[in-house]
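# A closer look at the structure
This is what each chain is made of:
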Amino acid sequence: MIYKSTRNVNVNVTAAAAISQGLSSDGGLFVPENLPALSKEKLMEMCDMTYAQRAYEIFRLFLTDFTGDEIRHCVESAYNDKNFATDNIAEISHLLTGTYVLELWHGPTCAFKDMALQILPFLLTTSAKKTIDGKKISILVATSGDTGKAALEGFKNVDGTSITVFYPEDGVSKMQKRQMTTQEGNNVNVCAVVGNFDDCQNGVKAIFTDERMIEELKKANTVFSSANSINWGRLAPQIIYYVSSYVELVKDGELEFGDKLNVVVPTGNFGNILAAYYAKQMGVPIGKLICASNANNILTDFINTGIYDRNRPFYTTVSPSMDILISSNLERLLYHLTGEDDKLINEWFTALKQTGRYEVNDSVKAAIKDSFYAGCCNDEETKATIKEVFDSYSYLMDTHTAVAYKVYEDYKKATGDETKTLIASTANPYKFGFAVYDALGGECEGIDEFELIGKLEKLTNTACPKALADTKDKQVRFTGCVKPEEMSQVVLDFISKQ
Ligand SMILES: *Cc1c(COP(=O)(O)O)cnc(C)c1O
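So, here's what we can say about the structure. (Residues numbered from 1 in each chain as written. Predicted model: local features only at pLDDT ≥ 70, side-chain atom pairs only at ≥ 80, totals over all residues. Heavy atoms only, no water.)

Moving on, we get to the state of the cysteines. According to the stated counting rule, one finds 0 disulfides in the structure shown. Considering cysteine sulfurs only, C191 is the nearest to C200, which forms no disulfide, with 9.0 Å between them. With no disulfide of its own, C291 has C376 as its nearest cysteine by sulfur position, at a separation of 9.9 Å. Residue C291 is classed as buried on the basis of its relative accessible area of 0%. (Disulfide = S-S within 2.5 Å. Buried < 20%, exposed > 50% of the residue type's maximum accessible area, 1.4 Å probe, protein only.)

On to the site of the ligand, then. Within the structure, the ligand sits among 15 residues, and K113, D146, G268, N269 and T426 are positioned closest to it. Between the ligand and the protein, one listed contact pairs an oxygen atom with a backbone N or O atom of N269 at 2.7 Å. Contact distances for the ligand include 2.9 Å between an oxygen atom and a backbone N or O atom of N272. Here the ligand has 380 Å² of accessible area as a free molecule, and 98% of this is covered by the chains. Of the residues belonging to the shell around the ligand, the class tally is 5 nonpolar, 8 polar and 2 charged. (Near = heavy atom within 4 Å. Polar contact = N/O pair within 3.5 Å; in protein donor to acceptor, adjacent residues only side chain to side chain. Areas by Shrake-Rupley, 256 points an atom, 1.4 Å probe, with all protein chains shown as cover. Nonpolar A, V, L, I, M, F, W, Y, C, P; charged D, E, K, R; others polar.)

Our focus in this paragraph is the nonpolar core. By size, the foremost hydrophobic cluster in this structure holds 117 residues, and its most contacted members are F59, Y79, Y242, V243, L334 and Y358. Among the elements that take part in this core, helix α11 (residues 232-251) stands out by supplying 12 residues, more than any other. Discounting residues that sit within four places of it in the chain, Y358 has contacts with F302, G306, I307, Y308, L330, L334, W348, F349, A351 and L352. With 20 residues, the next largest nonpolar core counts L140, C191, V491 and I495 among its residues. (Core = buried A, V, L, I, M, F, W, Y, C linked by side-chain atoms within 4.5 Å. Helix = DSSP H or I, 4+ residues; strand = E, 2+ residues; numbered from the N terminus. Contact = heavy atoms within 4.5 Å.)

This part takes up helix α4 (residues 68-78). Taken together, the buried positions of α4 are occupied by I71, C74, V75, S77 and A78. Projection of α4 onto a plane perpendicular to its axis shows the buried side chains occupying an angular sector of 165 degrees, all on one side. Structurally, α4 contributes buried residues whose contacts are with α3 (51-62) and α6 (120-131). (Arc of directions from axis to C-beta.)

Quick look at the sheet that holds strand β8 (residues 188-193) now. One key point about sheets: their strands pair by backbone hydrogen bonds, in either a parallel or an antiparallel sense. With parallel pairing, 5 strands are arranged side by side in an open sheet as β9-β6-β7-β8-β16. Here the strands that pair on one side only, and so sit at the sheet edges, are β9 (222-226) and β16 (481-482). Two elements, strand β7 (residues 161-168) and β8, share 6 bridges in a ladder whose sense is parallel. Paired with T164 across the strands is N189, a residue of β8. Its contacts with the sheet put helix α7 (residues 146-155) on β6 (136-142), β7 and β8, and the angle it makes with β7 is roughly 165 degrees. (Pairing = 2+ DSSP bridges. Axes fitted to C-alpha atoms, helices over the stretch in contact; angles between N-to-C directions.)

It is worth spelling out the environment of K280 at this point. By the element assignment, K280 lies in helix α12 (residues 271-281). Considering only alpha carbons, one finds K280 and N311, 31 residues apart in sequence, at a separation of 32 Å. In this structure K280 touches I286, G287 and S371, once residues within four positions along its chain are discounted.

Bringing the packing of aromatic side chains into the picture now. On inspection of all chains with the given rule, the structure shows 17 aromatic pairs. Measuring from ring centre to ring centre gives 6.1 Å for F302 and Y358, while their planes differ by 65 degrees; the resulting arrangement is edge-to-face. One end of the pair, F302, is in helix α13 (residues 298-305); the other, Y358, is in strand β13 (residues 357-359), with 56 residues separating them in the sequence. The class of F302 is buried, set by a relative accessible area of 1%. (Phe/Tyr/Trp six-rings, centres within 6.5 Å; stacked < 30°, edge-to-face > 60°.)

A few words on the sheet that holds strand β11 (residues 286-293). The strand order across the open sheet built from 6 strands is β4-β5-β15-β10-β11-β14, with neighbouring strands paired in mixed fashion. The sheet terminates laterally at β4 (91-96) and β14 (372-376), the two strands that pair on one side only. Going across the sheet, the axis of each strand differs from the next one's by a mean of 25 degrees, ignoring polarity. Summarising the sheet, strand β10 (residues 261-266) and β11 pair through 5 bridges and their orientation is parallel. Residue V264 lies in a different strand from β11, and its bridge partner there is I290. On the sheet, α13 packs against β11 and β14 and is oriented at approximately 140 degrees with respect to β14.

Take it as geometry only, folks, not as evidence of what the structure does.
What follows is the structure, given as structure tokens:
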């Protein structure tokens, strides 16, 4: 399997090169030259496999330059019951007949990012051995909260790597901040940025392509890589849980093979929903892909009109991991939908950079409408949904999952579509405890994040994951906060100490 750049189809690299580089030097994202097919026979065979075995089957199709033993080592090191609180790795909860919640947050940091970031360090170090042997890898991460912690946990103390995480100073929840600033490990660095997530992401992207930085890195025998979902090594693992969920629902008798399954995804950077799209293209009988946004509803507008326009206010919401105005992975979707037209992609993304806006052509508009439905909801609706679902089903959702649930309800009302549906649940509710407690009518005034845990547990008769409760007794190690233009200096200082 060869990987191309969305901005230059003449780029031809192996999976190992795509994963260790992260981003193509032309600024494009790496994409597989074609999507391997999963036959009915293969999918039925997977019914009796564990999550790690299913992952092995899928990675073999994408990572053709890895040996079987290497892939086995990666999947077994990541998807086991030491790292995840459930043997199934991802759990499917049955909310009501035909509506399933895919809980992707049973990993060590309680958000869906663990599904990919528990395996990425293994994929990356294996890739590095093949492509840049002997060099150290410096991981740079821009985070809206969850990726940062998941990446830190995945890469801590991994030989030959170091990691720097940038998060928006006021753009993450108290628990998210606590989780990151108390991170342990001897190769980790965490820094706040005055600005929002897009500032962090643009800062990181600029460092990647900055000649001076690359020069400095050479001297330190180090290369940059990314743990953001622009890295193929982040995206490929996310395909697995959509394949696995379908197979699991067939195994449980909830679906007959071939029955369509709609998928609803609370979306920010467009990585998670793109993975569902890939699973569909590979042959999993997925129906509509329902893209749910919060008040930062740029994707809702884009999917409905074909116009991407980031000239709009940025809102800080109760679902901060989706507070994004530039959804990087959309570039991959557009590359596929234009029939791999790198010229058009360059045109659109240059326009985005220069004017903050682009409009896709009619055939792409039609193709998007064919596969996707989009909707959004505000903070009030998000909170009302948390309460409604808890009161009706005694099921506690986090704010991001609630956005998905609300948009799904709107979708059903608008279309009458009763197809069985899988809702991606992307975080444990205790990660966003204040908003959840407030939604249920609790009084948040004057209590700290740890008093809150006890109150939410009592009110809902649920348990806070140990990993979150335990941050109480950990020491805060990182207190730095810089302006966007100072980010590169933070990276240089840290690398010089490694
Ligand atoms: C990252 C994240 C999202 C958005 O996922 P994308 O792949 O960026 O679209 C949604 N919910 C939570 C809790 C997240 O951490």
